[in-house]
Amino acid sequence: MRRFASAATRRIALDNVAGMALGKNSNITSSIAEKVGRNLHHVPKHPLRTIKGIIEGHFEVAHGGKFRAFDNLSPIVSTQQCFDDLLTPKDHVSRLPTDTYYIDDDHVLRTHTSAHQTELMRAGERHFLCTGDVYRRDEIDASHYPVFHQMEGVKLFTAEELPCGVDGDVTSPECIGFIRNDLQETLGGMVKTIFGDNIEMRWVDAFFPFTEPSIELEIFFKGDWLEVLGCGVIRREILSNCDLSASHGWAFGLGLERLAMVLFGIPDIRLFWSEDSRFIDQFEDGQITIFQPFSKYPPCFKDVSFWLPQDFHENDLCSVVRDVTGDIVEDVSLIDEFTQPKSGRTSHCYRITYRHMERTLTDAEVDEMQYHVRERLAADMGCELR
Ligand code: DAH
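Per chain, residues are indexed from 1 in the order of the written sequence. Residue-level local features of this predicted model are given only where pLDDT is at least 70; pairs of side-chain atoms are given and counted only at 80 or more, and the full residue set underlies all totals for whole chains, interfaces and linings. For the side-chain quantities, the full set of heavy atoms in the structure was used; hydrogens and water were omitted.

(A) Examining the packing of helix 3 (residues 47-62) against helix 8 (residues 256-264) more closely. Closest axis-to-axis distance for the helix 3/helix 8 pair is 9 Å, and the angle between their directions is 100 degrees. When the axis of helix 3 is compared with that of helix 8, the two are roughly perpendicular. Listed contacts from helix 8 to Pro47, Leu48, Thr50, Ile51, Lys52 and Ile55 of helix 3 are Leu256, Glu257, Leu259, Ala260, Leu263 and Phe264. Residue polarity is assigned by list, with Asp, Glu, Lys and Arg as charged and Ala, Val, Leu, Ile, Met, Phe, Trp, Tyr, Cys and Pro as nonpolar; anything else, Gly included, falls into the polar class. Each residue belonging to the contact of helix 3 with helix 8 can be placed in one class, and the counts come to 9 nonpolar, 1 polar and 2 charged. Axes here refer to lines fitted to C-alpha atoms; in helices the fit is confined to the stretch in contact. Angles between the N-to-C directions go from 0 to 180 degrees. The numbering of helices and of strands both runs from the N terminus, where a helix is a DSSP run of H or I of at least 4 residues and a strand a run of E of at least 2. Each angle is binned into one of four classes, with values under 35 degrees roughly parallel, values over 145 roughly antiparallel, values of 65 to 115 roughly perpendicular, and all other values oblique. Note on definitions: a residue-residue contact is assigned when non-hydrogen atoms from the two residues lie within 4.5 Å.

(B) View of helix 10 (residues 314-325). Multiply 1.5 Å by the residue count of a helix minus one, and that product is the helix's expected span. Look at helix 10: 16 Å from first C-alpha to last across 12 residues, which is about the 16 Å you get at 1.5 Å a residue. Across the 12 residues that make up helix 10, a large majority, 10, are buried. Residues Asn315, Leu317, Cys318, Ser319, Val320, Val321, Arg322, Asp323, Val324 and Thr325 constitute the buried set of helix 10. Positive backbone phi, at 65 degrees, marks Gly326, one or two positions downstream of helix 10. The buried label goes to any residue with under 20% of its type's maximum accessible area, the exposed label to any with over 50%, and the partly exposed label to all in between, with areas taken from a 1.4 Å probe on protein chains only.

(C) Broad picture of the sheet that holds strand 3 (residues 68-70). Strands sit in the order 3-7-8-12-11-10-9 across an open sheet of 7 strands; the sheet is mixed. Unpaired on one side and paired on the other, strand 3 and strand 9 (200-208) mark the two borders of the sheet. Put simply, the sheet's adjacent strands are angled 25 degrees from each other on average, direction ignored. As defined by bridge partners, strand 3 adjoins strand 7 (residues 127-135) across 3 bridges and the pair is classed as parallel. At least two DSSP bridges between two strands are required for those strands to pair.

(D) View of the site of the ligand. The cutoff for a nearby residue is simple: one of its non-hydrogen atoms must lie within 4 Å of the molecule or strand. Close to the ligand lie 15 residues, the nearest being His112, Ser114, Arg136, Gln150 and Glu152. Each polar contact in these results corresponds to two N or O atoms within 3.5 Å; when the atoms are within protein, one needs to be able to donate a hydrogen and the other to accept it, and residues that are neighboring in sequence are counted only if both atoms are side-chain atoms. Here an oxygen atom of the ligand sits 3.2 Å away from a polar atom, N or O, in the side chain of Gln117. Notes on the ligand: free accessible area 360 Å², of which the protein chains cover 89%. Comparing atom positions with the cavity grids shows the ligand to sit within the largest pocket. Listed by contribution, the elements that provide at least two residues to the shell around the ligand are strand 8 (147-157), strand 11 (224-234) and strand 12 (248-255). Class assignment for the residues of the shell around the ligand results in 5 nonpolar, 8 polar and 2 charged. Here, Shrake-Rupley sampling with a 1.4 Å probe gives the accessible areas, and only protein chains in the shown set may cover a residue. Space inside and on the surface of the protein is sampled on a 1 Å grid over the protein atoms alone, with a cavity defined as a set of points where a 1.4 Å probe fits but cannot get out and a pocket as an open set with protein on both sides within 12 Å along at least 5 of 7 lines; lining residues have an atom within 4 Å of a point. Throughout, a molecule is located in a cavity or pocket provided that more than half of its atoms lie within 2 Å of its grid points.

(E) Up close: the packing of helix 10 against helix 11 (residues 363-381). At a minimum axis separation of 9 Å, helix 10 and helix 11 run at an interaxial angle of 135 degrees. Overall, the two elements helix 10 and helix 11 adopt an arrangement that is oblique. Every pair of crossing elements has a handedness; the one defined by helix 10 and helix 11 is right-handed. Only Met369, His372, Val373, Arg376, Leu377 and Met381 of helix 11 make contact with helix 10, whose side of the interface consists of Asp316, Leu317, Val320, Val321, Asp323, Val324 and Thr325. Residues of the contact of helix 10 with helix 11, tallied by class, amount to 8 nonpolar, 2 polar and 3 charged. Left-handed describes a crossing whose near helix is turned anticlockwise from the far helix by less than a right angle; the clockwise case is right-handed.

The values are spatial; any link to function lies outside them.
Here is the structure:
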């Protein structure tokens, strides 16, 4: 029978991530720590590596080898790199420990590859792509997973490369328009390489703390508009903080899983992490082929009801579930809630769907996992079980 370590023993076993000591307030669980260093974007035949290769190859050909590709930067970054350097406000939700994995007070597992923009620009890079695993505490469903992969792209222009006129003002409306055009042309070309020349696309206004204007690119794929990436013209303050006031430029960031799921027809984001050879062996390096599901095993539902503790956050519940069950839970949904009029206390009922990707789970196994989930909800989160 599988044994589950208690919270205390797990803390002792998990005292560092990638050689970095965990501070006492770290919210990194062992199931997350195990993902650091898996580097799916380097795994031969892996769909994420193929998508990365297609995009890097496109830039190589279409932009004469000007873009340098980085794919080996540590996922542990400072809060300065991840948030402050990108002008993310101090009270922005993305900084909260309910959303971000903290190593200690000043270091996080990067929540986006944008965290490398300023270090690379300061190192003198002016055209680059940067790919890596990123980490976000999140809900559980078929398209959300607390680790995924992004690619960042940046292009800087000197005043001579921009239509600035005699005064060399890289911030003139003409220059901004030029940069925006170049951005849209570059990314439009990239999307055509990935999806074919006939792909329908549209640009949508967006907001990111680090770009102005900010836009998103959507494509029409199999009957739905699908958001592919966020991008924009880099905010001046970011550049001046990097001693690059004389330059201007654009940046974009895209999620590799999202692209791989639609292109390979991969229905569940957990499959990318499968260590079953039936997953990886169906793919070839550099080729897009439609995923063949291996036999489906039946799901098993378990409900848990409890009175909410103070400061209850669903992401904390999902962290506990993941930590106890690994990848075996495919969905956690709120199915009932009510507030007692007299006491004002609120109760939630969650349905947890267990399904193993590679075999049928036994009742005893599911019961044991559910038992441990309940125990941890009470012990770690102060939920009063009903
Ligand atoms: N970092 C953003 C995210 O994770 C994506 C993004 C948006 C990156 C705009 C950029 C950008 O470089 O300019 O959602």
